[in-house]
Amino acid sequence: MALLKVKFNQKKRVKLAQGLWLMNWFSVFAGILVFSMGLFLKIELRKRSEVMDNSESHFVPNSLILMGILSCAFNGFAGKICYDSLDPAKFAKWKPLLKPYLALCCVFNMLIFFVALICFLMRGSLDSTLAQGLKNGMKFYRDTDTPGRCFMKKTIDMLQIEFKCCGNNGYKDWFEIQWISNRYLDFSSKEVKDRIKSNVDGRYLVDGVPFSCCNPSSPRPCIQYQVTNNSAHYSYDYQTEELNLWRRGCREALLNYYSSMMSSMGAVILLVWLFEMSVMVGLRLLHTSLESIANPEDPECESEGWILENSLKDTFKSALENLKKLGKFNQVEAGAEGAEGEEGGKTPAITTVS
């Protein structure tokens with residue numbers, strides 16, 4: 001028994017073809033939307049590529065761009081088929097291509113669904129990428145005179161101001177690295193010498209943070225140096241008082257920003273996938289309803305359309321049998337080739353009569 005069998009007359013076939021033609025062009029616009037989202041995400045990731053450890057995060061935008069291009073191509077082609085299906089003479093040239101095209105549509109829709117899932121599952125990979133990238137970026141913060149790294153201070157400062165964050169996981173991350181360049185240290189000062197000597201690596205570490213960590217909405221002037229020294233500031237206790245520094249780490253801020261963006265894009269792509277599936281189902285019904293016309297010379301006669309010619313169970317069994325036959329055929333061919341090789345290797349016996 002065929003799956004989702006529907007009876008059609010000429011009027012219904014014409015309406016289905018016209019509706020599918022319109023839906024395909026809507027799908028072309030949806031493909032342009034997917035392409036635009038991928039391009040936008042790629043630009044947003046490139047803006048902050050300096051604080052990302054690798055380029056794995058670009059898999060999602062590249063996939064979106066590719067799916068957008070393929071969607072425009074597939075649906076534009078399907079729209080042409082639906083338009084020509086109104087004329088039996090024009091539709092005849094598309095008949096041999098429809099089955100391979102529908103198979104490609106199945107693969108394409110599977111890829112769209114996979115990309116939608118990746119949009120939701122990319123958070124873990126993005127988390128590790130940002131954690132390592134921000135850690136490296138903070139190490140190079142002081143290298144304002146080093147070619148290739150002189151921009152890192154501006155990048156980190158602008159990032160902390162824009163996303164209202166501080167450090168990698170929090171403001172205390174700045175206590176563990178030397179973020180002040182040696183160029184601005186007075187090495188004749190006893191305080192500087194003592195701090196450098198107190199560290200095994202000879203680094204100048206302070207309990208301070210860059211100015212970009214300061215919260216401008218705080219009523220108190222920013223305390224960015226000697227953050228953990230209560231006696232250095234009047235009426236101050238860093239453990240109980242709400243600091244006028246951004247509490248949130250930049251890794252968390254960026255992760256939430258990109259994750260929410262990718263989740264929204266994933267939801268849009270799922271809607272596009274559902275729309276593409278409905279177009280593919282409609283195209284299959286149109287294809288089978290046109291092929292099952294009993295009298296091609298009488299276009300007004302009734303016909304039947306279906307998704308699968310047999311039930312799901314029978315179709316699955318048929319596919320398994322075809323695979324088994326294919327496997328047996330390959331084995332027979334391999335055996336025949338081996339037999340031919342053995343026969344070719346034998347040398348005929350020569351007898352001599354004396």
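The name given to the protein in an unreviewed UniProt entry is Peripherin-2, and the organism recorded there is Promerops cafer. Within the UniProt record for the protein, the comment given under Subcellular location (unreviewed entry) is "Membrane". For the record of the protein, the UniProt heading Sequence similarities (unreviewed entry) holds the text "Belongs to the PRPH2/ROM1 family."

### A short note on the confidence of the model for the protein
Of all residues in the protein, 81% attain a pLDDT of 70 or more, and the chain-wide mean is 82. Put simply, helix 9 (residues 312–345) is where the protein has its lowest mean pLDDT, 59, and helix 6 (residues 152–163) is where it has its highest, 93. Overall, residues 347–354 carries pLDDT values under 50, and its contacts beyond four positions in sequence, including any with other chains, amount to zero contacts.

### Some thoughts on the packing of aromatic side chains
The tally for this structure, following the rule as stated, stands at 11 aromatic pairs. Ring plane angle 45 degrees and centroid distance 4.8 Å describe the contact between Phe113 and Trp273, whose orientation is recorded as tilted. Remark: Trp273 occurs in helix 8 (residues 250–291) and Phe113 occurs in helix 4 (residues 95–121); sequence separation between them is 160 residues. We classify Phe113 as partly exposed; its relative accessible area is 32%.

Calculation rules
Residues numbered from 1 in each chain as written. Predicted model: local features only at pLDDT ≥ 70, side-chain atom pairs only at ≥ 80, totals over all residues. Heavy atoms only, no water. UniProt positions renumbered as here; feature names shortened; annotations may be inferred. pLDDT = per-residue confidence, 0-100. Helix = DSSP H or I, 4+ residues; strand = E, 2+ residues; numbered from the N terminus. Contact = heavy atoms within 4.5 Å. Phe/Tyr/Trp six-rings, centres within 6.5 Å; stacked < 30°, edge-to-face > 60°. Buried < 20%, exposed > 50% of the residue type's maximum accessible area, 1.4 Å probe, protein only.

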